[in-house]
Amino acid sequence: MAERGREEKIRCDACPVMCYIAPGKIGACDRYANEDGRIVRCDPLTILDRRVAKGDAVKPFLGPDWDGEVLGGEEVFVSGVGAGTTYPDYKPAPFIVSREVEGADFVTVVTEAIYSYCGVKVKIDTDRHLGHEAATVRAGGEAVGHVTTSEYGSQMLSLGGVDHLTGGGKPEGRATCDALLRLCNREAVELEIDDGATVVVQAGQAPVVNGQLEERMRVGCGSATIGMFASQWHGLVDEVVVVDDHITGVVSEHQAGKVLGWPDTGIRIKGRRSTPGRYFKVAEPGQGWGGTDLDDPLAILNPWLEKKGARPGLTLLMVSTTGEHHGYYVLDDDLRPQEAALPEVLKPSVELIAENCEPALCTVMFQAGAGGSLRSGVTQNPVKLTRSVQALKTRVTCGGAPAFVWPGGGITLMVDVLTMPEGSFGHVPTPALVAPLEFTLSRADYRALGGHDAAVRTVSDILKHGGEYGSAVRFVERD
């Protein structure tokens, strides 16, 4: 029997894992492959082009439809998606692209960066209580982040970071990397919050909280709702209470009611009174009215005071900050509110609250420290790149999408994943995320910071000859 020949594996040096890859196989990251004895990038280099029709339509270079135009300037942008990496970082970035924009010579340094220091900030538009601040957030049972400070109408999560990626055990690191990768690539991820809710998060989609699809974020806190809609209720109802976990509003006491000449009603609210008509902590956080744990809003009322204006027949509207919950009541002879049908004249005001609510969405912001040794792929003097970014001489983008760079030391960036091309993110099993990164600056400034000027190439040359990791290219529409 003939002895079977042994496949010749080659070593990939695109990340610290250093996989040995057999012919026709891919590495552990699913990003690099052995093609005829050469390491190539599995996904094509992505060119953002304003002239391409919406979608991933391919525009062949030097093909039958090519008009001979030299590609460059503001029409096209070579992104880091599919570009390959600078690792090991002593070498120049995979593509350093020269292009003329309005008569000026610019350079864009293009790479896929490996981020151990990265995570996501997730904004979840919902009034419902997801978990207490600092509560642990889990994916697949492993800790991947925590609940952070809530914002106006939204709950916020901080996920990932180096402590979860590399500071815990292997299962924690893998679960964190997997959750981050799927969130950044716009996939749905189920998260469990200790002593809180289970929520399904997906960028650009409505959250699902404990199996319930959210539809609206609140129009404002209870006090703001009073301020916006007091005039809609004036003359139609005697009292309005807007129930809210943070600030519950009472129209007869609120300044908006006073300006309208709203009479006192003798109502008394449980909770901590802030300023007139504004109450804190009327109930505990939960899944009920206005983000509280209330199924019955009357639970926040103390006995009414007749000497302050309470009387039999007095009418009361109680409503949440989204209009999802509402109830109409009439005081009986014992000054106790009895539920009644909502009058037709009040229905438009409740519907107006709902109409003014924004659709509930999840926002995923990728955040990372784009420093470290990858700066050596840009310049031989890395600190000059950091200073150029902070001086606003160098523009930072991720897959062509503008990134916000935090002030202070280093290059700490934040970008909305929905503004990036689909499938922009990858991973390496260290574990860490991989994401596109581009630095754009004038050619003169690039030379001044000690850039790899000898490695600068034109767009047309890149399309014709490719790069270290292959020559596959795709064109996509540029926003």
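A quick note: this is a predicted structure, and the numbers were derived from the prediction, not measured. Note that residues are indexed from 1 along each chain, following the sequence as it is written. Local features in this predicted model are restricted to residues of pLDDT 70 or higher, and side-chain atom pairs are both shown and tallied only at a pLDDT of 80 or more, whereas totals for entire chains, interfaces and linings draw on every residue. Heavy atoms throughout the structure, all of them, feed into the side-chain values; hydrogens and water do not.

S.K.: When you look at the pattern of salt bridges in this model, what are you seeing that I'm missing?
M.R.: Pairing between side chains becomes possible if they bear opposite charge and their charged atoms approach one another. Salt bridges are defined by distance alone: a side-chain nitrogen of Lys or Arg within 4 Å of a carboxyl oxygen of Asp or Glu. With the rule as written, the count across this model stands at 21 salt bridges. Linking D43 and R41 is a salt bridge whose minimum nitrogen-to-oxygen distance equals 3.4 Å. Judged by relative accessible area, which is 38%, D43 ranks as partly exposed. Buried, partly exposed and exposed residues are distinguished by accessible area as a fraction of the type maximum, computed with a 1.4 Å probe on protein chains only: under 20%, between the cut-offs, and over 50%, respectively. Residue R41 is classed as buried on the basis of its relative accessible area of 9%. As a salt-bridge pair, D194 and R138 come within 2.9 Å of each other at their nearest N and O atoms. With D194 in the loop between β13 (189-193) and β14 (198-201) and R138 in strand β10 (residues 136-139), this pair connects stretches of sequence that are 56 residues apart. Overall, the relative accessible area of 26% leaves R138 in the partly exposed class. For the purposes of this entry, the term helix denotes a DSSP run of H or I that reaches at least four residues, the term strand denotes a run of E that reaches at least two, and both are numbered from the N terminus.

S.K.: Just to check I follow, could you spell out the sheet that holds strand β24 (residues 326-331) for this structure?
M.R.: The pairing of strands in a sheet comes from backbone hydrogen bonds and takes either a parallel or an antiparallel form. Following DSSP output, two strands are said to pair if at least two bridges run between them. Overall, mixed pairing links the seven strands, which are arranged β20-β21-β18-β17-β23-β24-β25 in an open sheet. With partners counted over all chains shown, the strands left at the sheet margins are β20 (272-273) and β25 (337-340), one partner each. Sheet topology note: the strand β23 (residues 315-320)/β24 ladder contains five bridges and is antiparallel. Paired with M318 across the strands is G327, a residue of β24. Working rule for contacts: check all heavy atoms of both residues, and any pair within 4.5 Å makes them a contact. Only the stretch in contact is used when fitting a helix axis, every axis being a line fitted to C-alpha atoms; angles between N-to-C directions are given from 0 to 180 degrees. Docked against the sheet, helix α3 (residues 222-233) engages β17 (239-243), β18 (248-250), β21 (278-280) and β23, running at close to 150° with respect to β17.

S.K.: Explanation requested: the pairing of strand β27 (residues 395-398) in the structure shown.
M.R.: Two faces, one strand: in a regular strand the side chains alternate between the faces of the sheet. Of the strand pairs in this sheet, β27 and strand β32 (residues 432-442) are connected by three bridges, and their pairing is antiparallel. Counted as the bridge partner of V396 is F439 from β32. In this structure, β27 lies alongside strand β28 (residues 401-402), joined through two bridges in antiparallel fashion. Each residue of the ladder has a partner; that of T397, found in β28, is P402. Between β27 and β28, which pair antiparallel in sequence order, lie two residues; one of them, G399, sits at a positive phi of approximately 60°.

S.K.: Mind showing me how you'd approach unusual backbone geometry here?
M.R.: What is expected of a backbone is that most residues other than glycine have negative phi and most peptide bonds are trans. Residue P88 is bonded to the preceding Y87 through a cis peptide linkage, with omega at -10°. Here P88 is to be found in the loop between β6 (76-78) and β7 (95-101). Residue P431 follows T430 across a cis peptide bond; omega there is -5°. Counting through the fold element by element, P431 comes out in the loop between β31 (426-428) and β32. One non-glycine residue, D36, lies in positive phi territory at about 55°.

S.K.: Honestly, the environment of L317 in this entry has me stumped. Any pointers?
M.R.: Inspection of the secondary structure assignment puts L317 in strand β23. Apart from residues no more than four positions distant in its own chain, L317 is found in contact with W233, V237, E239, V240, V241, G327 and L342.

S.K.: I tried to follow the packing of aromatic side chains on my own but got confused; where do I start?
M.R.: Two measures describe an aromatic ring pair: the distance that separates the ring centres and the angle between the ring planes. Only Phe, Tyr and Trp rings take part, Trp by its six-membered ring, and two of them pair if their centres are within 6.5 Å. Stacked means planes under 30 degrees apart, edge-to-face means over 60, and tilted covers everything else. Counted by the stated rule, this structure contains five aromatic pairs. Here F404 and W406 contribute two aromatic rings whose centre-to-centre distance is 6.1 Å and whose plane-to-plane angle is 70°, an arrangement assigned as edge-to-face. Criterion for a charge above a ring: Lys NZ or Arg CZ within 6 Å of the ring centre, and within 35 degrees of the ring normal. The lysine or arginine in question, R41, covers the ring of Y32, its NZ or CZ lying 5.8 Å from the ring centre. Above the plane of the ring of Y152 lies R218, whose end atom (NZ or CZ) is 5.1 Å from the centre.

S.K.: Looking at this model, I keep getting lost on the sheet that holds β10. Mind explaining?
M.R.: Spatially, the eleven strands line up as an open sheet ordered β16-β15-β14-β13-β10-β11-β12-β9-β26-β30-β29, and their pairing is antiparallel. Among the strands making up the open sheet, the edge pair consists of β16 (212-213) and β29 (404-405). Of the pairings in the sheet, the one linking strand β26 (residues 362-369) to strand β30 (residues 412-416) comprises five bridges and is antiparallel in character. By the bridge assignment, G369 is partnered in β30 with T412.

S.K.: Can you help me understand the pairing of β17 in this one?
M.R.: Of all five residues making up β17, five are buried, and the element is well covered by its neighbours. Side chains E239, V241 and V243 project from β17 onto one buried face, and the interleaved V240 and V242 project onto a second face that is buried too. For β17 and β18, the ladder comprises two bridges, and the chain directions are antiparallel. The partner of V241 across the bridge, within β18, is V250. Hairpin connection from β17 to β18: four residues lie between these consecutive antiparallel strands.

S.K.: Honestly, empty space enclosed by the protein in this entry has me stumped. Any pointers?
M.R.: Where empty space is left becomes clear once a probe the size of a water molecule has been rolled over the atoms. For each structure, a 1 Å grid was placed over the protein atoms alone; sets of points admitting a 1.4 Å probe that cannot get out are labelled cavities, open sets with protein on both sides within 12 Å along at least five of seven lines are labelled pockets, and lining residues have an atom within 4 Å of a point. Grid points are joined across faces, edges and corners, and a volume is the space filled by probe spheres set on the points. In total, this model carries two cavities of 30 Å³ or more according to the counting rule given. The space that makes up the largest cavity amounts to roughly 80 Å³. Taken together, the residues that form the lining of the largest cavity break down as eleven nonpolar, one polar and one charged. Think of it as three bins: nonpolar holds Ala, Val, Leu, Ile, Met, Phe, Trp, Tyr, Cys and Pro, charged holds Asp, Glu, Lys and Arg, and polar takes everything else, Gly as well.

S.K.: Quick question: what am I supposed to make of the state of the cysteines here?
M.R.: Throughout this description, disulfide means a covalent bond between two cysteine sulfur atoms. Here, a disulfide means two cysteine sulfur atoms that sit within 2.5 Å of each other. Per the stated rule, a full pass over the model turns up zero disulfides. Its sulfur unpaired, C29 is 6.0 Å from the next cysteine sulfur, which belongs to C15. Just so you know, C221 is unpaired, no disulfide at all, and the nearest cysteine sulfur is the one on C357, 13 Å from it.

S.K.: Can you help me understand helix α6 (residues 382-390) in this one?
M.R.: Given 3.6 residues per helical turn, the α-helix brings residues three or four places apart onto the same face. When α6 is considered as a whole, its buried residues turn out to be L385, T386, S388 and V389. Burial along α6 is one-sided: seen end-on, the buried residues are contained in an arc of 165°. Positive phi appears at L392, one or two residues downstream of α6, with a value of about 65°. Think of it as the arc spanned by the lines of direction from the helix axis to the C-beta atoms.

S.K.: Sorry if this is basic, but what is going on with the side chain of S223 here?
M.R.: For S223, the position within the fold is in helix α3. In the analysis that follows, any N or O atom pair within 3.5 Å is treated as a polar contact, provided that within protein one partner can donate a hydrogen and the other can accept it, and provided that, for residues neighboring in sequence, both atoms belong to side chains. Engagement of the side chain of S223 in a polar contact is seen with the side chain of R278, the distance being 3.3 Å. Other than its neighbours up to four places away in sequence, S223 contacts I247, G249, H254 and R278.

In short, geometric facts, not functional conclusions.
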